[in-house]
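Descriptive structure summary
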Amino acid sequence: MENKYSFEDFVKIIERLRAKDGCPWDREQTHDSLRPCMMEEAAEFVSSIRIFHESGSAENMREELGDILLQVVMHSVIAREEGLFTLEDVVDEVSEKMVRRHPHIFGTTQVNSSEKVLQNWDEIKKKEKEGKDWIISPLREIPQELPSLTRGPKVLKKIDRLYEKAPSREETAEKLLRAVKELSDCGEGTEKGQVEKLLGDALLSLCEIARREKIPAEQVLMDRIEELIEEKEGKKYTQDGYRREGQKD
């Protein structure tokens, strides 16, 4: 039977890289320097899901999950060196969270739908956030690092729930059409700031529509861009790679 590395082995590998006589590059890394790596690895894992559906191969998905795990362990090891927390603390906290947010599994709460599960989740999450001094405001709690088409619907959802009722479907459609009409009327001499404002209004209206319909706007645009590339390049993906339509095997 082939010997395989364990999770404990992997943690020791990262600790060895961070040791005084370890890898110079790994020793230089900080939470800040690794921020782009985490964002890139998350995006690459999402990409690996698409690759899996297109090719049937899970190899890339497995690799990218490993890269994300690397980031988690690296940050945890750095945090332990700084006296902030340990990897064991991370595992313990997320385990507690999963038990706490699933009272219908680990408690006595009764649910009869996934909608009720999400409602309970939001209520429990809200209680967890009470008294957290890093949360400036409900809307600022939504990370600005999120892609805007992902962040927009989340902000609009909280505005609807906490501050003012969201416009109706008809009002949203009218606002979108008005912004598009004004954009189409903009001539070459129109100030860039005015065009940006109108474009922003149109995008926010689209985010509101996506929120109402529970459609992931970022993913929809990503998929449509891929469709556009295929339309223009006349290529389709197969397990053997990209081939032009009509090309002989």
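Shown above is the structure to which this text applies.
Cut-off values and rules
Residues numbered from 1 in each chain as written. Predicted model: local features only at pLDDT ≥ 70, side-chain atom pairs only at ≥ 80, totals over all residues. Heavy atoms only, no water. Helix = DSSP H or I, 4+ residues; strand = E, 2+ residues; numbered from the N terminus. Rg over C-alpha atoms; globule rule 2.2 N^0.38 Å. Buried < 20%, exposed > 50% of the residue type's maximum accessible area, 1.4 Å probe, protein only. Axes fitted to C-alpha atoms, helices over the stretch in contact; angles between N-to-C directions. Parallel < 35°, antiparallel > 145°, perpendicular 65-115°, else oblique. Left-handed = near helix turned anticlockwise from the far one by under 90°. Contact = heavy atoms within 4.5 Å. Expected span 1.5 Å × (residues − 1). Arc of directions from axis to C-beta. Nonpolar A, V, L, I, M, F, W, Y, C, P; charged D, E, K, R; others polar. Core = buried A, V, L, I, M, F, W, Y, C linked by side-chain atoms within 4.5 Å. Salt bridge = Lys/Arg side-chain N within 4 Å of Asp/Glu carboxyl O.

**Some points on the overall build of the protein**
Secondary structure assignment for the protein yields 11 helices and two strands. When its helices and strands are written in sequence order, the protein yields α-α-α-α-α-α-α-α-α-α-α-β-β. Taking 2.2 N^0.38 as the reference for a compact globule, 249 residues should give roughly 18 Å; the C-alpha atoms of the protein span a radius of gyration of 24 Å, well beyond that estimate. Oriented by its inertia axes, the alpha-carbon framework of the protein measures out at about 65 × 60 × 45 Å. Residues classed as buried in the protein amount to 20% of the 249 residues present.

**Considering the packing of helix 9 (residues 169-185) against helix 10 (residues 192-213)**
Orientation of helix 9 relative to helix 10, taken along the N-to-C sense of each, is 155 degrees, at an axis distance of 9 Å. The pairing of helix 9 with helix 10 is recorded here as roughly antiparallel in orientation. Like other packed secondary-structure pairs, helix 9 and helix 10 cross with a definite hand, here left-handed. Along the contact surface, helix 9 presents Arg 169, Thr 172, Lys 175, Leu 176, Ala 179, Glu 182 and Leu 183, while helix 10 presents Val 195, Leu 198, Leu 199, Asp 201, Ala 202, Ser 205, Leu 206, Glu 208, Ile 209, Arg 212 and Glu 213.

**Considerations on the side chain of Ser 205**
Tracing the backbone shows Ser 205 in helix 10. In contact with Ser 205, other than residues within four places in its own chain, are Thr 172, Lys 175 and Leu 176.

**A word on helix 3 (residues 35-55)**
Given a rise of 1.5 Å per residue, 21 residues ought to cover 30 Å, and the 30 Å separating the end C-alpha atoms of helix 3 matches this to within 8%. When we look at burial in helix 3, the residues that qualify are Glu 41, Phe 45, Ser 48 and Ser 55. For helix 3, the angular spread of buried residues about the axis comes to 105 degrees, placing them on one side. For helix 3, the exposed residues lying more than 90 degrees away from the buried face are Arg 35 and His 53. Of the residues one or two after helix 3, Gly 56 is the one with positive phi, at around 85 degrees.

**Thoughts on the packing of helix 1 (residues 7-18) against helix 4 (residues 59-81)**
Two quantities define a packed helix pair, namely the angle between the axes and the distance from one axis to the other. Packing of helix 1 against helix 4 brings their axes to within 10 Å, and their N-to-C directions diverge by 55 degrees. When the axis of helix 1 is compared with that of helix 4, the two are oblique. Our pair here, helix 1 against helix 4, has a crossing hand that is right-handed. Across the interface between the two elements, Phe 7, Phe 10, Val 11, Ile 14, Glu 15 and Arg 18 of helix 1 pack against Leu 69, Leu 70, Val 73, Met 74, Val 77, Ile 78, Arg 80 and Glu 81 of helix 4. In terms of residue class, the contact of helix 1 with helix 4 is built from 10 nonpolar, no polar and four charged.

**A short note on the nonpolar core**
Within the largest apolar cluster, eight residues are counted, these being Val 11, Ile 14, Leu 34, Val 73, Met 74, Val 77, Ile 78 and Leu 87. Elements with a minimum of two residues in this core: helix 1 and helix 4. Considering every element that reaches this core, the biggest residue donor is helix 4, with four residues. For Ile 14, the contacting residues outside a window of four places in its chain are Leu 70, Val 73, Met 74 and Val 77. Judged by nonpolar contacts, the second largest core, of five residues, contains Leu 156, Cys 207, Ala 210 and Ala 217.

**Overview of the pattern of salt bridges**
Scanning all chains against the criterion turns up 15 salt bridges. We note a salt bridge from Glu 128 to Arg 100, for which the minimum N-O separation is 2.6 Å. Taken together, the residues Glu 128 in helix 7 (residues 114-129) and Arg 100 in helix 5 (residues 87-100) connect sequence positions 28 residues apart. We classify Arg 100 as partly exposed; its relative accessible area is 37%. One salt bridge connects Arg 169 with Glu 213, and the closest N-O pair in it is separated by 2.4 Å. Linking Arg 169 in helix 9 with Glu 213 in helix 10, this pair joins segments that are 44 residues apart in sequence. Looking at Glu 213, the relative accessible area reads 36%, which means it is partly exposed.

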